[in-house]
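# A structural walkthrough
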Amino acid sequence: MQRTVIIDALKSTAFNEPINVRGWVRSRRGNKQVNFIALNDGSTIKNIQIVVDLNKFSEDTLKPVTTGSCISATGILVPSQGAGQAVEIQLTDLEIYGSADPDQYPLQKKGLSMEYLRTIAHLRPRTNTFGAVFRIRHNMAIAIHTYFHQHGYFYFHTPLITASDCEGAGQMFQVTTKNLYNLKKGEDGKIDYSDDFFGKQTSLTVSGQLEGELAAMALGKIYTFGPTFRAENSNTPRHLAEFWMIEPEVAFIQKDELMDLEEDFIKFCVRWALDNCMDDLEFLNQFVDKGLIERLRSVVDTEFVRLTYTEGVQILQEAVRNGKKFEFPCNWGDDLASEHERYLVEEHFGKPVIMTDYPKEIKAFYMKINDQKPVLNGQEMDETVQGTDVLFPQIGEIIGGSVREESMDKLMGEITRRNIPMKDMWWYLDTRRFGAAPHAGFGLGFERLMLFVTGMQNIRDVIPFPRTPKTAEF
Ligand code: 4AD
Ligand code: MG
């Protein structure tokens, strides 16, 4: 008989007709007369109840039907007698695909810790929490493609193997086929890459932006959505060594329009989750984060604060004067610590903040330099650039974006000042040499968005198989 997925079976009204469902047993309980099997096939967080008459099925037949086992159940669909579900299936035929030994199956108990579940990442999609997270993850990917497609952007594929360091932070994983036990070195003692696979030193990309800019200078509006790699040794609940990034790049827009895009895009994604993932969100709201749905709704309905870095520093310094204690000092020119970001977003404003116009020294080489220097407490500060980061409650930085420096001279100045090897950048510079245009873009960390939408606390729990320092299992 043809299989019905459980999400459809639960909505069906074809009562007293035969139906077949297949899935993994969440539990079996009951007495000498009747057993109840809770079956889940991943199509929804909800289980379907299979009612087993023990006059028709012996204890022996049911023995392999353990928690975690996989079965095919055929029976008659009936309105449910019990509370908690609309329909149930009265079993007529049972096929056991695979049992799961109760003494060994790790997902026997409820309430296992997130840390433990990470050690069994190959099985954790079978839990309610991770089933919900991964269904939502799929829906967010669809939301992202839908948004850009509807707004006339082209999905552009940028390479994962690259010879340039977009962010200039030196956090790249090398790609090589060289024999690491016998490295050929030049006279200067440096490794000679001429005989390596690509004939030069290459790495996994930290961002598709530079190639994305090339595409925006031809197709107008593009976005990338792909894996990104960073060898930053930060063991935090917000950092992965392999994460997914969405990077739109748009010709002919300025800072205000870039911020409009960032805000509109995030709100669209969050609204999509509320419209399409309510069963899973309700589960997460009940068991993972009680404020989740309310927080999602409030972000959709609220206008983000737009604030310059200098204004932000002023608010933080004022808070310190009024007795607020931070672990780190907050001087103009320093990167904001996450406690500073959280103070602004969660305590001071109580809503998302788009922070702009950062000190040049703490941002990447490609950002557009402002003509005017900012003034703080009556004093002129150093040069700033048109960065536009979005800071979110609970998460901190969710988007990093900027207007790009389109002036060849200014860009060259930064590249030289920062000692970025010019010979590797010739193709990028051609965008400024031939038909340069004002343009801007941003990068959204997909897993940071996932953290916000699911209410999960650790970024390792919103990607199926996390890659972090000292962890590459599965
Ligand atoms: O701020 P970042 O470094 O910006 C860029 O890479 C730009 N090239 C983007 C652009 O303008 N096209 O990274 C962008 C976002 C961050 O705001 C954060 O959400 C996420 O990527 N991110 C990480 N997510 C998880 N783990 C990490 N190690 C991350 N590093 C950055
Ligand atoms: Mg950033």
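Residues numbered from 1 in each chain as written. Chains lettered and ligands numbered in written order. Predicted model: local features only at pLDDT ≥ 70, side-chain atom pairs only at ≥ 80, totals over all residues. Heavy atoms only, no water.

### A look at the overall build of the chain
The secondary structure content of the chain amounts to 13 helices and 18 strands. With respect to the three principal axes, the spread of C-alpha positions in the chain is 85 × 60 × 45 Å. Split into buried and exposed, the 474 residues of the chain put 51% on the buried side. A separation threshold of at least 6 residues defines the contact pool for the chain, and within that pool the share at least 24 residues apart is 68%. (Helix = DSSP H or I, 4+ residues; strand = E, 2+ residues; numbered from the N terminus. Buried < 20%, exposed > 50% of the residue type's maximum accessible area, 1.4 Å probe, protein only. Contact = heavy atoms within 4.5 Å.)

### Notes on the sheet that holds strand β7 (residues 161–162)
In a beta sheet, neighbouring strands pair by backbone hydrogen bonds and run either parallel or antiparallel. Here three strands make up an open sheet; going across it, the order is β7-β9-β8 and the pairing antiparallel. The strands lining the two open edges of the sheet, one partner per strand, are β7 and β8 (174–175). In the sheet, β8 pairs with strand β9 (residues 202–204) via two bridges, with the strands oriented antiparallel. Bridging across to β9, Val175 finds its partner in Thr202. (Pairing = 2+ DSSP bridges.)

### So, the environment of Phe15
Residue placement: Phe15 occurs in the loop between α1 (6–9) and β1 (18–30). Remark: the alpha-carbon pair of Phe15 and Val87, spanning 72 residues in sequence, is separated by 8.7 Å. Apart from residues no more than four positions distant in its own chain, Phe15 is found in contact with Leu77, Val78, Pro79 and Val87.

### Looking at the sheet that holds strand β10 (residues 221–229)
Read across the sheet, eight strands follow the order β6-β10-β11-β18-β17-β16-β13-β12 without closing on themselves; strand pairing throughout is mixed. Pairing within the sheet leaves two strands with one partner each, and these edge strands are β6 (154–155) and β12 (305–308). Judged from the five bridges that link them, strand β11 (residues 242–251) and strand β18 (residues 439–445) form a sheet pairing that is antiparallel. Each residue of the ladder has a partner; that of Glu249, found in β18, is Gly441. Across the sheet, helix α13 (residues 446–454) touches β10, β11, β16 (384–392), β17 (396–403) and β18, and the angle it forms with β18 is around 55 degrees. (Axes fitted to C-alpha atoms, helices over the stretch in contact; angles between N-to-C directions.)

### Examining the site of ligand 1
Not every one of the 24 residues close to ligand 1 is listed here, only the nearest: Glu167, Gln209, Glu232, Glu247 and Glu397. Leu240 places a polar main-chain atom, nitrogen or oxygen, 2.9 Å from a nitrogen atom of ligand 1. Here ligand 1, which alone exposes 630 Å², has 94% of that area covered by the protein. When residues of the shell around ligand 1 are traced back to their parent elements, those giving at least two are β11, β17 and β18. Residue composition of the shell around ligand 1, grouped by class: nine nonpolar, seven polar and eight charged. (Near = heavy atom within 4 Å. Polar contact = N/O pair within 3.5 Å; in protein donor to acceptor, adjacent residues only side chain to side chain. Areas by Shrake-Rupley, 256 points an atom, 1.4 Å probe, with all protein chains shown as cover. Nonpolar A, V, L, I, M, F, W, Y, C, P; charged D, E, K, R; others polar.)

### Side note on the pattern of salt bridges
When the charged atoms of two side chains with opposite charge come close together, those side chains can pair. Applying the stated criterion to the full structure yields 27 salt bridges. Between Asp371 and Lys410 there is a salt bridge; the shortest N-O distance is 3.7 Å. A residue pair is termed long-range when its members are at least 10 positions apart, and Asp371 in the loop between β13 (353–359) and β14 (375–376) and Lys410 in helix α11 (residues 408–417) qualify at 39 residues. Look at the salt bridges and you will find they share partners, linking Lys360, Glu361, Glu383, Glu414, Arg417 and Arg418 into a network. (Salt bridge = Lys/Arg side-chain N within 4 Å of Asp/Glu carboxyl O.)

### A look at unusual backbone geometry
Unlike most non-glycine residues, Asn377 shows phi in positive territory, near 50 degrees. Here Asn377 is to be found in the loop between β14 and β15 (379–380). Even without glycine at this site, Phe474 takes up a positive phi of about 70 degrees. Among the structural elements, Phe474 can be located in the segment after α13.

### Here we look at the side chain of Thr310
Tracing the chain through its elements places Thr310 in helix α9 (residues 309–321). Of the polar contacts made by the side chain of Thr310, one reaches the side chain of Trp332; its length is 3.0 Å.

### Let's talk about the environment of Phe474
We classify Phe474 as partly exposed; its relative accessible area is 38%. Setting aside chain neighbours within four positions, we find Phe474 in contact with Arg118, Thr119, Ile120, Ala121, His122, Phe465 and Arg467.

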